[in-house]
Amino acid sequence: MPELPEVETTRRGIQNQLTGARISAIVVRNPALRWPVAPDLDAILRGQRILDVGRRAKYLLIECEQGTLIIHLGMSGSLRFVTADTPIEKHDHIDLLLDNGHILRYRDPRRFGAVLWQYGPVLLHPLLTKLGPEPLSDAFDGSVLFDATRKRGSAIKLTIMDNHVVVGVGNIYANEALFHAGIAPTRSARSLTAEECGRLAAEIRTVLTRAIAAGGSTLRDFVDAIGKPGYFQQSYFVYGRSEQACLRCGSVIRQIRQGQRSSFFCPHCQPC
DNA sequence: CTTTGCACCTGTTGGC
DNA sequence: TGCCAACAGGTGCAAA
C-alpha cells in the first residue's frame, strides 16, 4: 500500500512502542521476501535494545545497539501490533517480539517488501548509498530539481519518480503533484523552466505533507487496529479519475501509460 | 551516464 | 458461475 505518507505514518505509529524496548525474538514464518530474510536474524536481534525508529526514503530503519533492521513494505506490506492470541493469517510472514509485551507483525501478500539487517552505520547499506534527497528536507527544492533535470530527455513524471533525483515520490503523488503544478506528465524533464521546477518541487512537498497529516489524523491507530491505509478514504484530483471531470476546469481526465505505470492528467490544466 | 523494460508475487476486477 | 487477462501503492537490476 505504501507511498511515503503511509510509511511515515507507520513509522510514527510504531516509534513509541519500539524505542527503548529490547527485542525478545523475531519469528520468521516465510523468509521469501524480495531478498531472503537472513536465517540467523533471530540470533542477531535477541537481546538488542531499540534506540529509535527512523526512515530514509521508504525504508523504515529500526535502529538497534549493534546495527539497523531495515524494513521496506514494498507494494502490499503493512506493520501492525497484535496480541499473542491474534490469529496468524496467510500473509503474516514475520513477528517481532519485544520485552515490553508488544508484538509487531509484518504482513505482505505480494512479498515485494524486504527485511534486512545491517551492522554499523545504516546509511552505508548498498540500498541507501545512492539515494537522492528527501522530498521534505531542505536538501530538495526547485533549484535542485532544475539542476537534476537539465540533462534528462525523459518524461518529467519518470524523472520525479527516479530515486536518484528525489526519493519517496510514488505513482499517486507524482500524478497529483504534476496536476497541482500544472505540468503535463509527458513533458520532457529538460523542457521545464526554473520556475516550473520551483512549482513542482513545492507541490511535491505540499502533497506529501498533506497526506502525512491526513494519515496522522484519520489513520492514527491503523498500525495496531485496522491496517487499512488511507487510499480508500482519500480522494485525489487526478489519480484514478480517468474519464471523470477535472475538479478544477471540468475537462475530461485522461489516462496514459508511462514506464509501465498509469498516469492521469487534465489536458487543459496540464497543457503539453 | 541516461533510459528502458523486466522481474519479483498475490489479489482484485471486469469482460465474455 | 467460471475463466482469463489486465492491473495494482515499488524499485533494483540488466541491457541497450
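Residues numbered from 1 in each chain as written. Chains lettered and ligands numbered in written order. Predicted model: local features only at pLDDT ≥ 70, side-chain atom pairs only at ≥ 80, totals over all residues. Heavy atoms only, no water.

K.L.:
Would you mind going over unusual backbone geometry with me for this structure?
P.N.:
Apart from glycine, the bulk of residues carry a negative phi angle, and the bulk of peptide bonds sit in the trans form. If you check the backbone angles, R111 has positive phi at about 60° while not being a glycine. Examined against the element boundaries, R111 turns out to sit in the loop between β7 (103–107) and β8 (114–119). Given the relative accessible area of 33%, R111 is considered partly exposed. At Q260, a residue that is not glycine, the phi angle is positive and equals roughly 65°. Mapped onto the elements of the fold, Q260 is located in the loop between β9 (254–258) and β10 (261–265). (Helix = DSSP H or I, 4+ residues; strand = E, 2+ residues; numbered from the N terminus. Buried < 20%, exposed > 50% of the residue type's maximum accessible area, 1.4 Å probe, protein only.)

K.L.:
Looking at this structure, how should I read the sheet that holds strand β3 (residues 59–64)?
P.N.:
The strand order across the open sheet formed by 4 strands is β2-β3-β4-β8, and the pairing between neighbours is antiparallel. Among the strands making up the open sheet, the edge pair consists of β2 (50–56) and β8. Strand-to-strand twist across the sheet, computed as the mean angle between neighbouring axes with direction ignored, equals 20°. Of the strands in this sheet, β2 and β3 are in contact with helix α1 (residues 4–18), which crosses β2 at around 175°. (Pairing = 2+ DSSP bridges. Axes fitted to C-alpha atoms, helices over the stretch in contact; angles between N-to-C directions. Contact = heavy atoms within 4.5 Å.)

K.L.:
Hey, could you run me through empty space enclosed by the protein in this one?
P.N.:
In this approach, a probe sized like a water molecule rolls over the atoms, and the result shows the empty space that is left. Under the counting rule described, the total for this entry stands at 2 cavities of 30 Å³ or more. There is about 70 Å³ of room inside the largest cavity. The wall of the largest cavity is formed by I26, L69, I71, L79, I94, D95, L96, L104, R105, Y106 and V115. Broken down by secondary-structure element, the contributors of at least two residues to the lining of the largest cavity are β4 (67–72), β6 (92–98) and β7. Of the residues in the lining of the largest cavity, the class split is 9 nonpolar, no polar and 2 charged. (1 Å grid on protein atoms, 1.4 Å probe; cavity = no way out; pocket = protein on both sides within 12 Å on 5 of 7 lines; lining within 4 Å. Points joined across faces, edges and corners; volume = space filled by probe spheres on them. Nonpolar A, V, L, I, M, F, W, Y, C, P; charged D, E, K, R; others polar.)

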